[in-house]
Amino acid sequence: MKRFIVIVLDGFGIGYMEDAKVVRPSDVGSNTLKHILDKVGGLKLPNLEALGLMNALGEDYKEMKKSTLGTFGSANLTHFGADTFYGHQEIMGTNPKMPVKEPFTKNINKVKAALEEKGYKAEIHKGNEAEFLVVNDVLTVADNIEADLGQAYNITSALDYIDFKEVLKIGKIVRANVKVSRVITFGGEEIDINNILNAVEEKPNGFIGINAPKSGVYDNGYQCIHLGYGIDPEVQAPTILGRAGIDVTLLGKVADIVSNDFGKSISCVDTEEVLKLTLKEMDEIKEGFICTNVQETDLSGHGEDAFKYAEKLKIADKYIGEIKDKLSEEDILLIMADHGNDPTIGHSRHTRERVPLLITGHKIKSGIDLGTRRTLSDVGATVLNYFNKEGNENGESFLKDILK
């Protein structure tokens with residue numbers, strides 16, 4: 001058996017990046033791991049500690065000490081800001097491009113024309129200051145009003161009346177004609193266009209969109225795919241490996257945000273459940289790439305709740321131990337994050353922090369310090385190198401540095 005398993009502890013940073021002083025001043029001083037240890041007395045994460053978590057942090061700390069055997073490093077973020085979507089695209093081998101922020105109204109005529117050219121019916125619906133589209137009487141294209149305004153457009157669909165594959169086709173047309181960070185295609189069952197239109201809300205400065213929870217789209221049969229600006233799946237590890245016939249399974253939030261046309265993607269939020277699914281995939285995959293996102297750490301950071309964050313870390317640590325014990329002779333396990341989310345910093349947003357890299361396996365050298373890598377993409381490059389593949393847009397493999 002030959003498997004490369006990456007577990008992303010979402011939002012688990014180990015200290016703010018130097019450029020935060022310029023690009024994200026509100027993140028200066030953030031250190032998700034250290035501040036959780038400060039806040040939650042007696043926290044012990046024995047498996048992460050043994051893998052070199054404190055080595056990656058750079059200091060012993062209360063109950064958590066450096067490991068003499070751990071192979072570790074850290075990685076900076078190449079992508080702007082501190083974003084789960086772009087963080088995962090970067091991990092998989094992409095060098096993300098800088099998007100723009102603007103209301104959908106600014107692009108509505110261009111998108112309408114592109115959809116009509118492909119044979120769709122696209123009607124403009126007007127608010128007081130802004131406009132959105134209704135397409136084929138089954139979905140809307142409008143501003144995302146739940147994230148920072150201007151960053152994303154939502155395609156909200158009634159899946160009893162349109163197949164999600166068709167929604168995704170529409171999403172890709174929209175994506176090709178706008179430069180905002182994300183076009184989010186999603187839908188649910190047991191709703192119709194009236195439920196969606198009854199949830200329209202207008203925001204100041206020309207934004208209008210659908211209040212997704214109010215529409216009922218999340219309640220039954222929910223499906224979702226995020227389409228990012230400047231993201232080419234062809235340069236990412238899942239596509240390169242999948243096209244070569246190598247099994248790829250994405251679990252948790254990564255299943256929603258990374259393209260995996262040739263593999264298996266399983267959405268899941270609960271920490272224990274997603275890690276049990278990882279163990280199950282290890283039983284089923286003899287050769288391949290497994291990537292799991294543990295989202296509840298990030299959600300705890302957004303909630304500014306260090307104690308809840310610590311509880312999710314303890315659950316993750318337990319199952320990471322079980323995954324480590326299940327590794328075959330050829331397997332590699334890598335634990336990392338995608339950005340920080342310091343619950344003590346004074347705001348509820350992600351924090352621009354470097355992230356840990358903790359690597360183990362029967363054929364992995366002990367006590368290796370990889371230093372601070374330039375980009376998260378070094379992980380994707382290493383995964384591809386392990387399977388003797390190439391084609392990533394960004395990142396350099398460190399496989400030769402860690403193998404015995």
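Note: the structure precedes this text.
Residues numbered from 1 in each chain as written. Predicted model: local features only at pLDDT ≥ 70, side-chain atom pairs only at ≥ 80, totals over all residues. Heavy atoms only, no water.

Colleague: Sorry if this is basic, but what is going on with the overall build of the chain here?
Modeller: In terms of regular secondary structure, the chain is built from 16 helices and 16 strands. A globule of 404 residues ought to have a C-alpha radius of gyration of about 22 Å, and the chain, at 21 Å, matches this closely. Along the three orthogonal principal directions, the C-alpha set of the chain runs to about 65 × 45 × 35 Å. Within the chain, residue pairs in contact and separated by at least 24 positions form 70% of the contacts whose partners lie at least 6 positions apart. For the chain, the exposed area adds up to about 15,900 Å²; of that, 46% sits on carbon and sulfur atoms. In the chain, the 48 positive side-chain charges and the 62 negative ones have mean positions that sit 4 Å from each other. (Helix = DSSP H or I, 4+ residues; strand = E, 2+ residues; numbered from the N terminus. Rg over C-alpha atoms; globule rule 2.2 N^0.38 Å. Contact = heavy atoms within 4.5 Å. Areas by Shrake-Rupley, 256 points an atom, 1.4 Å probe, with all protein chains shown as cover. Lys, Arg positive; Asp, Glu negative; His and termini not counted. Charge placed at Lys NZ, Arg CZ, Asp CG, Glu CD.)

Colleague: Can you walk me through the side chain of His88 in this structure?
Modeller: With respect to the secondary-structure elements, His88 resides in helix α5 (residues 84-91). Among the residues examined, His88 registers a relative accessible area of 0% and is labelled buried. When residues no more than four places from it in sequence are discounted, the contact partners of His88 are Val8, Asp10, Val254, Ile257, Val258, Asn293 and Asp338. (Buried < 20%, exposed > 50% of the residue type's maximum accessible area, 1.4 Å probe, protein only.)

Colleague: Help me understand the packing of aromatic side chains, please; the structure alone is not making it clear to me.
Modeller: Ring pairs (aromatic) are described by centroid distance and by the angle formed between their planes. Counted by the stated rule, this structure contains 9 aromatic pairs. Note on Phe4 and Tyr386: the rings are 5.5 Å apart at their centroids and 75° apart in plane angle, and the pair reads as edge-to-face. Highlighted residues: Phe4 in strand β1 (residues 2-9) and Tyr386 in helix α15 (residues 377-386), separated in sequence by 382 residues. Overall, Phe4 belongs to the buried group, its relative accessible area being 0%. A residue is classified by how much of its surface remains accessible, and Tyr386, at 7% relative accessible area, is buried. Between Tyr386 and Phe387, the aromatic rings sit 4.9 Å apart at their centres with planes inclined by 75°, giving edge-to-face as the arrangement. (Phe/Tyr/Trp six-rings, centres within 6.5 Å; stacked < 30°, edge-to-face > 60°.)

Colleague: Help me out: how do you make sense of helix α2 (residues 32-39) in this one?
Modeller: Three or four residues apart is the spacing at which side chains of an α-helix point the same way, because the helix has 3.6 residues per turn. Turning to α2, its buried residues are Thr32, Leu33, His35, Ile36 and Leu37. Structurally, α2 contributes buried residues whose contacts are with α4 (53-57) and α14 (306-325).

Colleague: Is there a simple way to explain the sheet that holds β1 in this structure?
Modeller: Backbone hydrogen bonds are what pair the strands of a sheet, in a parallel or an antiparallel way. Spatially, 8 strands are ordered β12-β11-β13-β1-β14-β15-β2-β16 in an open sheet, and the strand pairing comes out mixed. On the outer flanks of this sheet lie β12 (264-266) and β16 (369-373), each paired with one strand and no other. Adjacent strand axes in the sheet meet at a mean angle of 15°, parallel and antiparallel pairs treated alike. (Pairing = 2+ DSSP bridges. Axes fitted to C-alpha atoms, helices over the stretch in contact; angles between N-to-C directions.)

Colleague: Any chance you could explain the pairing of strand β9 (residues 207-210) here in plain terms?
Modeller: Consecutive side chains of a regular strand alternate in pointing toward one face of the sheet and then the other. The two faces of β9 match: Phe207 and Gly209 on one face and Ile208 and Ile210 on the other face are all buried. Sheet topology places strand β8 (residues 200-203) next to β9; 4 bridges connect them, and they run antiparallel. Within β9, the residue paired with Glu202 across the bridge is Ile208. Connecting β8 to the antiparallel partner β9 that follows it, the hairpin turn spans 3 residues, and Asn205 within it adopts a positive phi of roughly 70°.

Colleague: Sorry, what's going on with the environment of Lys106 here?
Modeller: Along the chain, Lys106 falls in the loop between α5 and α6 (108-117). Classification of Lys106 by relative accessible area gives exposed; the value is 62%. Measuring from C-alpha to C-alpha, the distance between Lys106 and Gly41 comes to 51 Å, with 65 residues separating the pair along the chain.

Colleague: Honestly, unusual backbone geometry in this entry has me stumped. Any pointers?
Modeller: Phi is mostly negative for residues that are not glycine, and the peptide bonds are mostly trans. Backbone geometry places Lys62, a non-glycine residue, at a positive phi of 50°. Tracing the backbone shows Lys62 in the loop between α4 and β2 (71-75). The exposure class assigned to Lys62 is partly exposed, which follows from its relative accessible area of 46%. For Glu304, which is not glycine, the phi torsion reads 55° and is therefore positive.

Colleague: Would you take a moment to explain a negative patch on the surface for this structure?
Modeller: A cluster of acidic residues, Asp160, Glu189, Glu190 and Asp219, forms a negative patch at the surface. Following the sequence through the fold, Glu190 ends up in the loop between β7 (182-188) and α8 (193-197). Owing to a relative accessible area of 61%, Glu190 belongs among the exposed residues under this scheme. (Patch = residues over 30% accessible without salt bridge, like charges linked within 9 Å, V, L, I, M, F, W, Y side chains within 5 Å. Salt bridge = Lys/Arg side-chain N within 4 Å of Asp/Glu carboxyl O.)

Colleague: Could you clarify how one ought to interpret the nonpolar core in this entry?
Modeller: Soluble, globular proteins show a tendency: their nonpolar side chains are buried together. If you look at the biggest cluster of nonpolar residues, it comprises 83 residues, and the most contacted ones within it are Val6, Ile7 and Phe289. Looking at this core, the element that brings in the most residues is α14, giving 8 residues. The contact partners of Phe289, leaving out residues within four places of it in the chain, are Phe4, Val6, Met92, Ala237, Pro238, Leu241, Asp247, Val248, Thr249, Val383 and Phe387. In terms of nonpolar packing, the next biggest core, distinct from the first, is built from 26 residues, Tyr120, Leu168, Ile170 and Ile173 among them. (Core = buried A, V, L, I, M, F, W, Y, C linked by side-chain atoms within 4.5 Å.)

Colleague: Would you explain the pattern of salt bridges in this entry?
Modeller: Pairing is possible between side chains that carry opposite charge, provided their charged atoms lie close to one another. Taken as a whole and assessed by the stated rule, the structure comprises 27 salt bridges. For Arg3, the salt bridge goes to Asp331, with nearest N and O atoms at 2.6 Å. Residue Arg3 is located in strand β1, and its partner Asp331 is located in the loop between α14 and β14 (332-336); the two are separated by 328 residues in the primary sequence. Classification of Asp331 by relative accessible area gives buried; the value is 1%. Residues Asp83 and Arg182 are paired through a salt bridge, measuring 2.7 Å at the closest nitrogen-oxygen approach. Of this pair, Asp83 sits in the loop between β2 and α5 while Arg182 sits in strand β7, and the two are 99 residues apart along the sequence.

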